[in-house]
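# Topology and contacts: notes
Single-letter residue listing:
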Amino acid sequence: MLKVLIVEDEQYIAQGLSMLIDWESCGYEIAGTVYNGQDAIDFLQDTQVDLILSDIKMPVMDGITLLKRIREEEISEAFFVILSGYGDFAYAQQAIKYKCTDYILKPIQRQQLYSLLEKVSTLYKKQKRKEIEQKKMGRAYFVRYIQALLLGRGDEEALVYVNKKLSFSDRIRYIHMELEDEEHSLEFQKMRTYQKAVYQNCKAYLGPEKEDLVFMDIVGRKEWLDIGFLYDVSIAHEFGMEEEEYLRSFLGNISQDLPIQVRSYVGDTVSSVKDISESFRTAILARSFHVFQVDKNILYYSEEKTEAGGKIINKASIEELLKAVEENDALKIEKKARIVYEELNQQNMNLEMTQMNMNYLLVNLAHLGLGQDDSLNQDEIIQYIRKNVFENSVLRGGKENFQRFMQEYGEYLGELRKNTSRGVLRCVEKEIRERYQENLTLKEFSKKYFVNSAYLGQMFRKQYGVSFKEYLNHYRIEKAADCLLHTDDKIYQIADKVGYRDLDYFINKFIAVKGCTPTNYRKKAKCGV
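As the structure is a prediction and not an experimental result, all values here were calculated from the model. (Residues numbered from 1 in each chain as written. Predicted model: local features only at pLDDT ≥ 70, side-chain atom pairs only at ≥ 80, totals over all residues. Heavy atoms only, no water.)

The next thing to look at is helix 19 (residues 468-486). With 19 residues, helix 19 extends 27 Å from end C-alpha to end C-alpha; this agrees with the ideal 27 Å at 1.5 Å per step. Taken together, the buried positions of helix 19 are Phe468, Tyr471, Leu472, Asn473, Tyr475, Arg476, Ile477, Ala480, Ala481, Cys483 and Leu484. (Helix = DSSP H or I, 4+ residues; strand = E, 2+ residues; numbered from the N terminus. Expected span 1.5 Å × (residues − 1). Buried < 20%, exposed > 50% of the residue type's maximum accessible area, 1.4 Å probe, protein only.)

So, about the sheet that holds strand 7 (residues 214-216). Taken in spatial order, the five strands make up an open sheet running 7-8-6-9-10, and their pairing is mixed. The strands lining the two open edges of the sheet, one partner per strand, are strand 7 and strand 10 (298-300). If you compare each strand with its neighbour and ignore which way they point, the axes differ by 20 degrees on average. With seven bridges joining them, strand 6 (residues 172-180) and strand 8 (residues 226-232) adopt antiparallel strand pairing. In the sheet register, Ile175 faces strand 8, and the bridge partner there is Phe229. Here helix 7 (residues 188-206) sits on the sheet in contact with strand 6, strand 7, strand 8 and strand 9 (261-266), set at roughly 170 degrees to strand 7. (Pairing = 2+ DSSP bridges. Axes fitted to C-alpha atoms, helices over the stretch in contact; angles between N-to-C directions. Contact = heavy atoms within 4.5 Å.)

A cluster of nonpolar side chains, contributed by Met137, Tyr141 and Tyr161, occupies part of the molecular surface with about 290 Å² of accessible area. For Met137, a relative accessible area of 52% gives the class exposed. (Patch = residues over 30% accessible without salt bridge, like charges linked within 9 Å, V, L, I, M, F, W, Y side chains within 5 Å. Areas by Shrake-Rupley, 256 points an atom, 1.4 Å probe, with all protein chains shown as cover. Salt bridge = Lys/Arg side-chain N within 4 Å of Asp/Glu carboxyl O.)

Moving on, we get to helix 7. Taking 1.5 Å per residue as the helical rise, helix 7 with its 19 residues ought to reach 27 Å, and the 27 Å between its terminal C-alpha atoms agrees with that figure. Buried within helix 7 we find Met191, Tyr194, Gln195, Val198, Tyr199, Cys202 and Leu206. Seen from one end, helix 7 has its buried residues packed into an arc of 150 degrees, which puts them on one side. The exposed set on the far side of helix 7, more than 90 degrees from its buried face, consists of Gln189 and Ala204. Remark: Gly207 follows helix 7 within two positions and exhibits a positive phi of approximately 85 degrees. (Arc of directions from axis to C-beta.)

As a further point, take a positive patch on the surface. Taken together, the side chains of Lys125, Lys126, Arg129 and Lys130 present a region of like positive charge at the surface. Checked against the element boundaries, Arg129 lands in helix 5 (residues 110-150). On the basis of relative accessibility, which here comes to 54%, the residue Arg129 falls in the exposed class. (Lys, Arg positive; Asp, Glu negative; His and termini not counted. Charge placed at Lys NZ, Arg CZ, Asp CG, Glu CD.)

Here strand 9 lies mainly inside the structure; six of its six residues are buried. A two-sided burial pattern is seen for strand 9, the buried positions comprising Gln261, Arg263 and Tyr265 on one face and Val262, Ser264 and Val266 on the other. Sheet analysis places strand 6 next to strand 9, joined by six bridges and oriented antiparallel. By the bridge assignment for strand 9, Glu180 is matched with Gln261.

A few words now on unusual backbone geometry. Going from Lys106 to Pro107, the amide bond is cis rather than trans, its omega being -5 degrees. Checked against the element boundaries, Pro107 lands in the loop between strand 5 (102-105) and helix 5. Notably, Glu74 is not glycine yet its phi reads approximately 55 degrees, a positive angle. By the element assignment, Glu74 lies in the loop between helix 3 (63-72) and strand 4 (79-84). Take Glu74: its relative accessible area is 70%, and that puts it in the exposed class. Positive phi is not limited to glycine here, since Asp257 has a value of about 70 degrees. By secondary structure assignment, the location of Asp257 is in the loop between helix 9 (243-254) and strand 9.

Our next topic: the pattern of salt bridges. Scanning the entire structure with this criterion turns up 24 salt bridges. The closest approach of N and O atoms between Glu238 and Lys210, which form a salt bridge, is 3.1 Å. Here Glu238, found in helix 8 (residues 234-238), pairs with Lys210, found in the loop between helix 7 and strand 7; they are 28 residues apart in sequence, far enough to count as distant. A relative accessible area of 52% means that Glu238 is categorised as exposed. The salt bridge involving Lys514 is made with Glu478; its shortest N-O contact spans 3.0 Å. With a gap of 36 residues between them, Lys514 in helix 21 (residues 503-514) and Glu478 in helix 19 connect regions that are remote in the sequence. Linked through salt bridges whose partners overlap, the residues forming this network are Glu431, Arg435, Glu438 and Glu444.

Remark: helix 19 packs on helix 22 (residues 518-527), axes separated minimally by 9 Å, with the N-to-C direction vectors making an angle of 50 degrees. Of the possible angle classes, the one that applies to helix 19 and helix 22 is oblique. The handedness of the crossing between helix 19 and helix 22 is right-handed. Packed against helix 19, whose contacting residues are Ala481, Cys483, Leu484 and Leu485, the element helix 22 presents Pro518, Tyr521, Arg522 and Ala525 at the interface. In the contact of helix 19 with helix 22, the residues fall into seven nonpolar, no polar and one charged. (Parallel < 35°, antiparallel > 145°, perpendicular 65-115°, else oblique. Left-handed = near helix turned anticlockwise from the far one by under 90°. Nonpolar A, V, L, I, M, F, W, Y, C, P; charged D, E, K, R; others polar.)

The next point concerns the environment of Glu319. Tracing the sequence through the fold places Glu319 in helix 11 (residues 315-327). Remark: the alpha-carbon pair of Glu319 and Lys336, spanning 17 residues in sequence, is separated by 9.5 Å.

Applying the stated criterion across every chain yields a total of 24 aromatic pairs. Taken together, a centroid distance of 6.0 Å and an interplanar angle of 20 degrees make the contact between Tyr231 and Tyr246 stacked. Of this pair, Tyr231 sits in strand 8 while Tyr246 sits in helix 9, and the two are 15 residues apart along the sequence. Here the two residues Tyr231 and Tyr246 agree in accessibility, since each one is buried. One aromatic cluster is present, built from ring pairs that chain together Tyr205, Phe229, Tyr231, Phe239, Tyr246 and Phe250. The lysine or arginine in question, Arg476, covers the ring of Tyr500, its NZ or CZ lying 5.3 Å from the ring centre. (Phe/Tyr/Trp six-rings, centres within 6.5 Å; stacked < 30°, edge-to-face > 60°. Lys NZ or Arg CZ within 6 Å of the ring centre and 35° of its normal.)

Backbone-to-backbone hydrogen bonds pair the strands of a sheet. The strands run either parallel or antiparallel. Read across the open sheet, the five strands follow the order 2-1-3-4-5; overall the sheet is parallel. With one partner strand each, in any of the chains shown, strand 2 (28-34) and strand 5 form the two edges of the open sheet. With strand direction ignored, the average angle separating the axes of adjacent strands in the sheet is 20 degrees. Relative to strand 2, strand 1 (residues 2-7) runs parallel, the two being bridged by six bridges. Residue Lys3 lies in a different strand from strand 2, and its bridge partner there is Glu29. Contacting strand 1, strand 3 (51-55) and strand 4, helix 3 runs over the sheet at an angle of about 170 degrees to strand 4.

Spelled out as structure tokens, the structure:
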């Protein structure tokens, strides 16, 4: 029901309006009747309505002043209709100035009121549809900015947008959740349905104020069925819980009554959204722990954060070994590997603790591999480690096998470094395909991949036969052409969608590549020319 406020100083007219029609059958209810503009202002402080029917001439505050106050002070967004016995056009002009929905002369007839309500209902529905579309668009922008920040590609605009929409404490984490079918009997489409159900359950559990903290498919890998949670550590405290207690409650509720399991991989805490990419990176690495046979529903990248007794007591020794492996120093690796091996085999360390330490080491070895060449698939490196660690019985084969594997892995990293140049070009090409809408530059990529920008430009031209900028422009124009053929979007919308903020510049570039304007390109395609 749409709520109506009647503002009329003559009581018998106010009563007549309330009795003139069956308001309920029209989808309306009278929320209140007041007798001057000031009373209306007071009423609206506590009660929001959808339609205000107001007389002009009233004591204390007239209808035009009421309308002006409501709009200027943003007291109400209700549709406002003037009911007046005065035909002076000056009144109508003022009413229109302040977004008056309609201006009707008294006495109002029954059919006239029905028509008015029908008009307002139509406007209301249109407004709600617009709000829903704006909300969807706002959500799409928000998710796009969040994804950019998580992947380490966010700029100042993304940071401002996210911070404006959400407020965080100085301790936040990214939590990566994935659906798993324990019996592996469910089809992908069924799992996709369950993913959407879990996503909705996440939003319901968090409530309207925090539902924007969860996302679907942020990683962009179809087979992962992931849900992301931008978790503020203060949330658990609001419920009077410790963090892991809260996360267990959260996971239990979102997967309740569903024939699937939800695993949660928790990234390290960071102090602001600006650094959330580090938490995202560690959450995805934590996912690798499960590959190394850890049977937990909640897994932290840094096991220091887990329940009592779950700390990595050998972290310093492991870090020294990792550094030696990264430097590919065989003698140093041998020495550090011996120390780690002996610590991992202490008689007073239980099996679970040993496994935690080993998992920490193995996942960081995988991270070292990715650090050499980001174009590598994480799963490929993990498979390399699994094959050499588990299939070759490194863990059971004694100190010498352990040392030899670490030395071989150092050599493996050296081989990856030889392919860095080719890997960088693959990375740049991949990022163009994924981020062509953004303001990409060689300077950005040279910093990201530690390659001189001039040298990177030379490599790019040698590989692709055109400059980086020409390649990017051509790719954008091809994407724009695809939009012209398969959507009804306006030219300026397509230009913005593919990364051009200047419409004229876009049109000139389009002509240079396609030989005609975007409009003519679309027309020719429709006419089959």
